[in-house]
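Read off the chains here:
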Amino acid sequence: GQLDLAGTSRTVDVSVGAGQLVVYLPPGVAVTVDASAGVGAIALPGQGDTGGVGVDRSWSSTSADSGPSPASLELDLEVGLGEIRVLQNLTEVTR
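First, a word on what this report is: a plain description of the structure on this page. What you see is a predicted model; the values in this text were computed from it and never measured.

Looking at the pattern of salt bridges
Point 1. For the structure shown, the criterion picks out two salt bridges.
Point 2. When the shortest N-O distance is used, the salt bridge between Glu83 and Arg85 registers 2.6 Å.
Point 3. Take Arg85: its relative accessible area is 25%, and that puts it in the partly exposed class.
Point 4. One network of salt bridges, in which partners are shared, links Asp49, Glu83 and Arg85.

Considering the sheet that holds strand β2 (residues 30-43)
Point 1. Pairing is mixed across the open sheet formed by four strands, whose spatial order is β1-β4-β2-β3. Taken across any chain shown, the strands that pair with only one partner, and hence form the sheet edges, are β1 (9-24) and β3 (50-60). Neighbouring strand axes in the sheet, compared pairwise and without regard to direction, differ in orientation by 5° on average.
Point 2. The pairing of β1 with strand β4 (residues 72-87) spans 15 bridges and is classified as parallel. Residue Tyr24 lies in a different strand from β4, and its bridge partner there is Leu87.

With respect to a nonpolar patch on the surface
Point 1. Residues Val39, Val53 and Leu81 make up a contiguous nonpolar surface patch of about 290 Å² in total accessible area.
Point 2. Considering the arrangement of structural elements, one finds Leu81 in strand β4.

So, the nonpolar core
Point 1. Membership of the largest hydrophobic core comes to 19 residues, with the highest contact counts inside it found for Val31, Val33, Leu75, Leu77, Ile84 and Val86.
Point 2. Put simply, the parts of the chain that give this core at least two residues each are β1, β2, β3 and β4.
Point 3. Excluding residues that lie within four positions of it along the chain, Val31 makes contacts with Leu25, Trp59, Ser60, Ser61, Leu73 and Leu75.

Here's the deal with the environment of Leu21
Point 1. Topologically, Leu21 is positioned in strand β1.
Point 2. Measuring from C-alpha to C-alpha, the distance between Leu21 and Ile84 comes to 4.8 Å, with 63 residues separating the pair along the chain.
Point 3. Once residues within four sequence positions are removed from consideration, Leu21 is found in contact with Val14, Val16, Leu77, Glu78, Glu83, Ile84 and Arg85.

Structural notes on the environment of Leu81
Point 1. When the C-alpha positions of Leu81 and Gly19 are compared, they lie 6.4 Å apart, and in sequence the two are 62 residues distant.
Point 2. If near-sequence neighbours (up to four positions away) are discounted, Leu81 is found in contact with Gly17, Ala18, Gly19 and Val39.

Some details on a negative patch on the surface
Point 1. A surface patch of negative charge is lined by Asp13, Asp34, Asp56, Glu74, Asp76 and Glu78.
Point 2. Per-element tally for the negative patch: the top contributor is β4, with three residues.
Point 3. Residue position: Asp13 is located in strand β1.

Calculation notes
- Residues numbered from 1 in each chain as written.
- Predicted model: local features only at pLDDT ≥ 70, side-chain atom pairs only at ≥ 80, totals over all residues.
- Heavy atoms only, no water.
- Salt bridge = Lys/Arg side-chain N within 4 Å of Asp/Glu carboxyl O.
- Buried < 20%, exposed > 50% of the residue type's maximum accessible area, 1.4 Å probe, protein only.
- Pairing = 2+ DSSP bridges.
- Helix = DSSP H or I, 4+ residues; strand = E, 2+ residues; numbered from the N terminus.
- Axes fitted to C-alpha atoms, helices over the stretch in contact; angles between N-to-C directions.
- Patch = residues over 30% accessible without salt bridge, like charges linked within 9 Å, V, L, I, M, F, W, Y side chains within 5 Å.
- Areas by Shrake-Rupley, 256 points an atom, 1.4 Å probe, with all protein chains shown as cover.
- Core = buried A, V, L, I, M, F, W, Y, C linked by side-chain atoms within 4.5 Å.
- Contact = heavy atoms within 4.5 Å.
- Lys, Arg positive; Asp, Glu negative; His and termini not counted.
- Charge placed at Lys NZ, Arg CZ, Asp CG, Glu CD.

Okay, structure coming up:
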C-alpha cells in the first residue's frame, strides 16, 4: 500500500514472518530505518546486502524538503526468515 506523508511525521512498524519486505522511499522525506532479520538479508540504500542469522542494520537519509513542515518517516522493519530491501529511487527497482 501507499502512505500519504504530506507534511507529517510518521512511525511505521512492518513485520513479515517469512518472505520479502520491499519498501520504496518517497523523495524529499527524511527517513530513518531500523531493520532486523532473524535469518536472511537486509539491503539498505548505499549499502551492500548483509545476510546471515540475527542481522540488524540502520540507515538515515541525509536530506528532506525544506518548508514550513517537512515530512519525516521512521521505519521499523522486521522479517523472521527472508529479505528486507529498502529502495531510495526508481533506478534501484530494476536491480
